[in-house]
Amino acid sequence: MSKTISINAGSSTLKFQLFEMPSEEVIAKGVIERIGLKDSLVDIKYGDGQRLQETIQASNHEIAINYLLDQLLKLSIISDFSEITGVGHRVVAGGEYFKDSVVIDDDVMKKIDELADYAPLHNPANLMGIKAFKKILPDITSVAVFDTSFHQTMPEKNYLYSIPYEWYEKYGARKYGAHGTSHRYVANRAAEMLGKPLEELKLVTLHLGAGASITAVMNGKSYDTSMGFTPLAGITMATRSGDVDASLVAWLEDKLEISSEEMIDILNHKSGLIGLSGVSADMRDLEKVMDENHRAKMARDIWINRVVRYVGQYVAEMNGADAIVFTAGVGENDIEIRQAIADGLSFFGVKIDPEKNNIRGEERDLTAAGSTTKALLIPTNEELMIARDVERLK
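Just so it is clear, the structure is predicted and the values come from calculations on it, not from any experiment. (Residues numbered from 1 in each chain as written. Predicted model: local features only at pLDDT ≥ 70, side-chain atom pairs only at ≥ 80, totals over all residues. Heavy atoms only, no water.)

A.B. asks: Which residues make up helix α1 (residues 61-74), and what values do they have?
C.D. replies: Counted at 1.5 Å a residue, the expected span for α1 with its 14 residues is 20 Å, and the 20 Å between its end C-alpha atoms agrees. Within α1 the residues assigned to the buried category are H61, A64, I65, Y67, L68, L69, Q71 and L72. If you check the start of α1, you find a side-chain oxygen 3.0 Å away from the backbone N of E62, and it comes from N60. Once α1 ends, the next one or two residues include S76, with phi positive near 60°. (Helix = DSSP H or I, 4+ residues; strand = E, 2+ residues; numbered from the N terminus. Expected span 1.5 Å × (residues − 1). Buried < 20%, exposed > 50% of the residue type's maximum accessible area, 1.4 Å probe, protein only. Polar contact = N/O pair within 3.5 Å; in protein donor to acceptor, adjacent residues only side chain to side chain.)

In structure tokens, the structure reads:
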């Protein structure tokens, strides 16, 4: 038996799970939030219901990782670093370099750095986490698991934009998608729940969180996905706009007298639910006030509309679907949202049983009697998928 740690570094967060492998038993898990800000928040769960919650000063991801590894020893989660034989790092952008997870070497780190333009908020943080682990545990198997690699199976007709082809050839201007590790996990789990080989199924997987994306999975592979060259494209999200007419963007830059960089920042951080509602980027906050706040209800309605629109598009592209799969924060926990999405897809044979749907955060077949398309709730587990890839590449 050996231990593998999965590291999921966001722009200001560090999530982890420590697994006993190959049994996949979770030994400890947690998150460090507000990295780079004053008073970083720590929440680590371990042992038999034990928990560490405290505030630290973590100005960067290297400090956060050093702290995390120290706590694994101090809390007696491990007795020595030698117990950890593998580490897997989630990396957002792999471009066309990486079609699968890879063992990390100097060339891989160089390419992750080169791809920072594709995910400027994430790849630098991912790389910092990789370097920090390399410094402390240089001899263990270190694996990069890319958000984009699952989507490298998309056909040209789905990943190319209708722009001059030489821009793709010279600069790699194309759709890459994101959340691939999550979509891959829930698609495989859906096949297990349905008792059929994944290669024989047509699925639409809905990763609905603050960042949200929808993927068509056909023949066991990603066939199309809603996020684009960056995670900004696709459906309406918490603070991201999703799809917007490029001409409108240029027109607004002129009207507002702002640069492209400022506009991209607005589209990423001040749009979506927060931009539409003026209330909050959190769906739960909107639902509390939507009866008396028109903009809050409007933002929620637009969010649902874009989800239904993309699911319908992908069912049409695949000429049918065996199941739709709800996952991530909103998808796993918002009963009313799941019902509203299913109601919007009744034409495609999607029907949810209200009693089965009365659940949060637990795996369940939600399908109502008479439905021709299954509706499944599957909590995502990117960290487990990362750990499995580490074991596969050891």
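A.B. asks: Quick one: what's the story with the sheet that holds strand β2 (residues 14-21), residue by residue and with numbers?
C.D. replies: In spatial order, the strands read β5-β4-β3-β2-β1-β6-β8-β7; together these 8 strands make up an open sheet with mixed pairing. The open sheet has two edge strands with one neighbour each: β5 (50-56) and β7 (102-103). (Pairing = 2+ DSSP bridges.)

A.B. asks: Talk me through the side chain of K3; I want residue IDs and the actual numbers.
C.D. replies: Its location among the elements puts K3 in strand β1 (residues 2-9). Setting aside chain neighbours within four positions, we find K3 in contact with L18, F19, E20, I27, I77, I78, E83, I84, T85 and G86. (Contact = heavy atoms within 4.5 Å.)

A.B. asks: An account of a nonpolar patch on the surface is needed here, citing residue identities and associated values.
C.D. replies: On the surface, Y161, I163, W167, Y171 and F229 cluster together to form a nonpolar patch covering roughly 500 Å² of accessible area. Structurally, the position occupied by Y171 is in helix α5 (residues 165-171). Since its relative accessible area comes to 57%, Y171 is described here as exposed. (Patch = residues over 30% accessible without salt bridge, like charges linked within 9 Å, V, L, I, M, F, W, Y side chains within 5 Å. Areas by Shrake-Rupley, 256 points an atom, 1.4 Å probe, with all protein chains shown as cover. Salt bridge = Lys/Arg side-chain N within 4 Å of Asp/Glu carboxyl O.)

A.B. asks: Account for the nonpolar core, naming residues and giving values.
C.D. replies: The tendency in soluble globular proteins is for nonpolar side chains to be buried side by side. Of all hydrophobic cores here, the largest spans 41 residues; its most connected members are V204, L206, L208, W303 and I341. With residues near it in sequence (within four places) discarded, V204 still touches I214, T215, V311, Y314, V315, M318, A321, A323, I324 and V325. (Core = buried A, V, L, I, M, F, W, Y, C linked by side-chain atoms within 4.5 Å.)

A.B. asks: Give a description of the packing of helix α6 (residues 180-194) against helix α15 (residues 382-393) that names residues and reports values.
C.D. replies: The interhelical angle for the contact between α6 and α15, taken along N-to-C directions, is 90°, at an axis separation of 9 Å. With respect to each other, α6 and α15 are oriented roughly perpendicular. On the side of α6, the interface is formed by T181, S182, R184 and Y185, while α15 contributes E382, L384, M385, I386, R388 and D389. Tallied by class, the residues present in the contact of α6 with α15 amount to 4 nonpolar, 2 polar and 4 charged. (Axes fitted to C-alpha atoms, helices over the stretch in contact; angles between N-to-C directions. Parallel < 35°, antiparallel > 145°, perpendicular 65-115°, else oblique. Nonpolar A, V, L, I, M, F, W, Y, C, P; charged D, E, K, R; others polar.)

A.B. asks: Any chance you could break down the sheet that holds strand β11 (residues 221-225) for me, citing the residues and the numbers?
C.D. replies: What the 6 strands build is an open sheet, ordered β11-β10-β9-β12-β14-β13; its pairing is mixed. Each end of this open sheet is capped by a strand with a single partner; those strands are β11 and β13 (364-365). In the sheet, strand β12 (residues 323-327) pairs with strand β14 (residues 374-377) via 4 bridges, with the strands oriented parallel. By the bridge assignment for β14, A323 is matched with K374. Together, β9 (202-208), β10 (212-218), β12, β13 and β14 form the strand contacts of α6, whose direction differs from that of β9 by roughly 130°.

None of this, on its own, says anything about what the molecule does.
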